[in-house]
Amino acid sequence: MKSTISIIGVPMDLGQSRRGVDMGPSAMRYAGAVERLEALGYTLHDYGDIGITRPDKQETGRSYQLKNLPQVVEANEKLATMVDQTIKKGHFPLVFGGDHSIAIGSLAGIAKHYEQLGVIWYDAHGDLNTKETSPSGNIHGMPLAVSLGFGHELLTSIAGYSPKVKPENIVIIGARSLDPGERELIREKGIQVYTMHEVDRLGMSNVIEKAVAYLSPRTDGVHVSVDLDGLDPSEAPGVGTPVIGGMTYRESHLAMEMLAEAGIITSAEFVEVNPILDEKNKTATLAVGLMGSLFGEKLK
């Protein structure tokens, strides 16, 4: 990994329906993210949080089919620009969310620097919905579909190009809540998915080995997107859409350690930490611990 890390916070909760996830970046900073990574020898640049425009009452009453569409587009355009500038400086972009809709901007800013960007989606959900398939209209359930070029044009065209990633360059790990439309898209596009069934049956070490072996020969960089609801709610209670039966603390640390050893990760984001729903900042602290493992922290 590059020796200089740039942190970008995106305090956004507009991609979903529960307030509080906008405080996720602050919670992770409070849990010692900067100090943890500096202790590993990295140079850190924390660029603070991008500004988020909140909808006024008139807009809130308007129907866009997709909730808060103009504001989500604006925030992701800003994020894409900042991530793009970070990579041009030769820094490793590390994005703190916010809800998972911010991955639209992350990938838009990152993918233009790679011919074949790979994506590891560490999540309970596929986030492959469009307005036609989404049960809720929440954009945080759509970022992977948008990045593949499926969805509202205002979202797919962020940063001026589409698609950002190819289906054959994606690996989803930990899925256990997929909507019918998402399952259809996965089958149609041949997206590589390791559900919790595979994680339980194969073991996390085997899953990561397979993911690395699959992505390494076909990609020139890999973005890892870690949604804290990928972990079991007993371990990470501070998330907006908890799904029981998730990955454990130990499995997740092993996954991050193995990705660090593989040396393929070129950008990362940690999302969906909601301090309002958390227990004494437990989920943010867990996220920071996973960051440590991803960036090479070892016991010996």
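Residues numbered from 1 in each chain as written. Predicted model: local features only at pLDDT ≥ 70, side-chain atom pairs only at ≥ 80, totals over all residues. Heavy atoms only, no water.

Cut-off, in case you're wondering: UniProt positions are given in the numbering used here, feature names are shortened, and annotations may be inferred rather than shown by experiment.
An unreviewed UniProt entry annotates the protein as Arginase of Virgibacillus dokdonensis. Quoted verbatim from the Pathway (unreviewed entry) field of the UniProt record, the comment on the protein reads "Nitrogen metabolism; urea cycle; L-ornithine and urea from L-arginine: step 1/1." Annotation of the protein in UniProt includes, under Sequence similarities (unreviewed entry), the sentence "Belongs to the arginase family."

### What to know about the UniProt feature "binding site: Mn(2+)" (unreviewed entry) in the protein
What counts, and what does not: Think of a 1 Å grid over the protein atoms and nothing else: a 1.4 Å probe that fits but is trapped marks a cavity, an open set flanked by protein within 12 Å on at least five of seven lines marks a pocket, and residues with an atom within 4 Å of a point count as lining. Each helix corresponds to a stretch of at least 4 residues labelled H or I by DSSP, and each strand to a stretch of at least 2 residues labelled E; elements are numbered beginning at the N terminus. Exposure is judged per residue with a 1.4 Å probe applied to protein chains only, and the accessible area is read against the type maximum: over 50% gives exposed, under 20% gives buried, and values in between give partly exposed. Pairs of N or O atoms are called polar contacts if they sit within 3.5 Å, as long as, within protein, a hydrogen donor faces a hydrogen acceptor (for residues adjacent in sequence, only side-chain-to-side-chain pairs). Only heavy atoms enter the contact rule, under which two residues are in contact if any of them lie within 4.5 Å.
Within this numbering scheme, the UniProt entry marks His100, Asp123, His125, Asp127, Asp227 and Asp229 as carrying the feature "binding site: Mn(2+)" (unreviewed entry). The named residues occupy 130 residues along the chain; their greatest pairwise C-alpha distance, 12.2 Å, places them in one compact cluster. Those annotated residues that line the largest pocket are His125, Asp127, Asp227 and Asp229. Inspection of the secondary structure puts Asp123 in the loop between strand E4 (117-122) and helix H6 (143-147). The class for Asp123 is buried, based on a relative accessible area of 0%. Within the structure, Asp123 has its side chain in polar contact with the side chain of Trp121 (distance 3.2 Å). Assignment of secondary structure puts Asp229 in the loop between strand E7 (221-227) and helix H11 (249-262). With sequence-adjacent residues up to four places away left out, Asp229 is seen in contact with Asp123, Ala124, His125, Arg176, Val239 and Thr241. A polar contact of 3.4 Å, which involves the side chain of Asp229, links it to the backbone nitrogen of Ala124.

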